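Observations on the model geometry
Each chain is listed here by its residues.
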Amino acid sequence: MVVIHYTAMESAEAALDRLCDSAAEVSAHYLICERGRIWQMIDEEARAWHAGAGRWGDVRDVNSRSIGIELANRGDHPFPEPQMAALEGVMRGVMGRWRIPPERVIGHSDMAPGRKGDPGRRFDWARLALQGVSVWPGRAAPGNFARDAARFGYPVGDVADDMILEAFRLRFRPWGAGPLCDADAAAMADLAARFPVDRGARSA
């Protein structure tokens with residue numbers, strides 16, 4: 001998988017210092033600054049400490065199954081064009097080398113609802129989908145939201161249902177508010193139908 005994060009720090013340089021500090025016990029494969037500069041800190045073949053506790057589908061040790069990409073962003077402002085363009089280039093390379101399909105690109109908030117909120121409401125997931133390096137929901141009839149969320153990959157059963165809804169909206173309906181609605185259920189139904197986690201092959 002690819003897991004996208006934001007640093008929640010004031011500068012890329014401050015984030016770089018922290019990510020390279022072994023005492024911090026946090027790391028990632030790549031860091032991309034607002035101007036588009038890219039630092040590779042860890043070989044892609046090596047395990048980084050970027051994901052932590054959480055799950056996507058049946059994968060509970062996400063660190064061992066993913067490439068972590070950190071974006072320099074406090075979490076309260078848009079991601080600049082040079083940064084997004086650099087991210088897309090990194091992702092195309094990573095996904096090509098590891099044969100990662102677009103549905104295996106997730107946000108930190110997807111695998112750890114309630115615990116993590118990055119890359120947040122300001123991140124342009126629709127843009128990535130248009131570039132073929134992520135997915136976006138289309139039209140469908142509303143279904144069973146929880147069942148479809150689990151089929152898509154969300155850790156249903158591990159956290160409260162409202163946290164799953166919040167994580168889904170952070171990524172796919174950032175303008176959404178209030179109780180679960182038909183628009184939420186319809187978008188999730190489409191994602192589950194077209195992009196079931198591991199293409200429906202579930203294993204222990």
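Residues numbered from 1 in each chain as written. Predicted model: local features only at pLDDT ≥ 70, side-chain atom pairs only at ≥ 80, totals over all residues. Heavy atoms only, no water.

1. Topic: the overall build of the chain
When you go through the chain residue by residue, the secondary structure sums to seven helices and five strands. Radius of gyration (C-alpha) of the chain: 16 Å, near the 17 Å computed for a compact globule of 204 residues. Dimensions of the chain, computed from C-alpha atoms along their principal axes, come out at roughly 45 × 35 × 30 Å. Classification of the 204 residues of the chain by burial places 50% in the buried group. Considering only contacts in the chain between residues 6 or more positions apart, those separated by 24 or more positions represent 66%. Here the chain displays about 9,500 Å² of accessible surface, and carbon together with sulfur accounts for 51% of that area. (Helix = DSSP H or I, 4+ residues; strand = E, 2+ residues; numbered from the N terminus. Rg over C-alpha atoms; globule rule 2.2 N^0.38 Å. Buried < 20%, exposed > 50% of the residue type's maximum accessible area, 1.4 Å probe, protein only. Contact = heavy atoms within 4.5 Å. Areas by Shrake-Rupley, 256 points an atom, 1.4 Å probe, with all protein chains shown as cover.)

2. Things to note about helix α6 (residues 161-172)
Compared with the 16 Å implied by 1.5 Å per residue over twelve residues, the 16 Å span of α6 between its first and last C-alpha is a close match. Buried residues of α6: I164, L165, A167, F168, R169, L170, R171 and F172, and no others. On its buried face, α6 sits against β5 (105-107), α3 (108-111), α4 (125-130), α5 (145-152) and α7 (182-194). (Expected span 1.5 Å × (residues − 1).)

3. Some words on the layout of surface pockets
Empty space among the atoms becomes visible once a probe the size of a water molecule is rolled across them. Size it by volume and the largest pocket reaches roughly 340 Å³. If you go around the largest pocket, you meet 19 residues; those closest to its centre are Y6, V26, E70, H108 and K116. Among the elements of the structure, β1 (2-6) and α1 (12-19) are those that each provide at least two residues to the lining of the largest pocket. For the lining of the largest pocket, the per-class residue count stands at eight nonpolar, six polar and five charged. (1 Å grid on protein atoms, 1.4 Å probe; cavity = no way out; pocket = protein on both sides within 12 Å on 5 of 7 lines; lining within 4 Å. Points joined across faces, edges and corners; volume = space filled by probe spheres on them. Nonpolar A, V, L, I, M, F, W, Y, C, P; charged D, E, K, R; others polar.)

4. Topic: the nonpolar core
One finds W56, V62, F152, Y154, F168, M188 and L191 to be the most contacted residues of the largest nonpolar core, which totals 24 residues. For this core, the elements supplying multiple residues, two or more each, are α5, α6 and α7. Counting residues per element, this core draws most heavily on α6, which supplies five residues. In this structure F168 touches F145, Y154, R173, D184, A187, M188 and L191, once residues within four positions along its chain are discounted. (Core = buried A, V, L, I, M, F, W, Y, C linked by side-chain atoms within 4.5 Å.)

5. A closer look at the sheet that holds strand β4 (residues 67-71)
Reading across from one edge, β3-β2-β4-β1-β5 is the order of the five strands in this open sheet, with mixed pairing throughout. Edge positions in the sheet fall to β3 (38-40) and β5, since each has one partner strand and no second. Across the sheet, the axes of successive neighbouring strands diverge by a mean angle of 20 degrees, strand direction being ignored. Sheet topology note: the β1/β4 ladder contains five bridges and is parallel. Each residue of the ladder has a partner; that of Y6, found in β4, is L71. Contacts between α1 and the sheet are confined to β2 (30-32), β3 and β4, with β2 contributing the most and set at about 165 degrees to the helix. (Pairing = 2+ DSSP bridges. Axes fitted to C-alpha atoms, helices over the stretch in contact; angles between N-to-C directions.)

6. Observations concerning the pattern of salt bridges
Opposite charge on two side chains makes pairing possible when the charged atoms of those side chains draw close. Under the definition given, this model contains 14 salt bridges. R35 is the partner of E13 in a salt bridge, and the nearest nitrogen-oxygen pair spans 3.5 Å. Of the two residues, E13 sits in helix α1 while R35 sits in the loop between β2 and β3, which places them 22 residues apart along the sequence. A relative accessible area of 39% means that E13 is categorised as partly exposed. For R35, a relative accessible area of 59% gives the class exposed. Between D184 and R173 there is a salt bridge, and its shortest N-O distance comes to 2.6 Å. Taken as a pair, D184 in helix α7 and R173 in the loop between α6 and α7 lie far apart in primary sequence, eleven residues in all. Here the salt bridges do not stand alone but share partners, grouping R55, R60 and D158 into one network. (Salt bridge = Lys/Arg side-chain N within 4 Å of Asp/Glu carboxyl O.)

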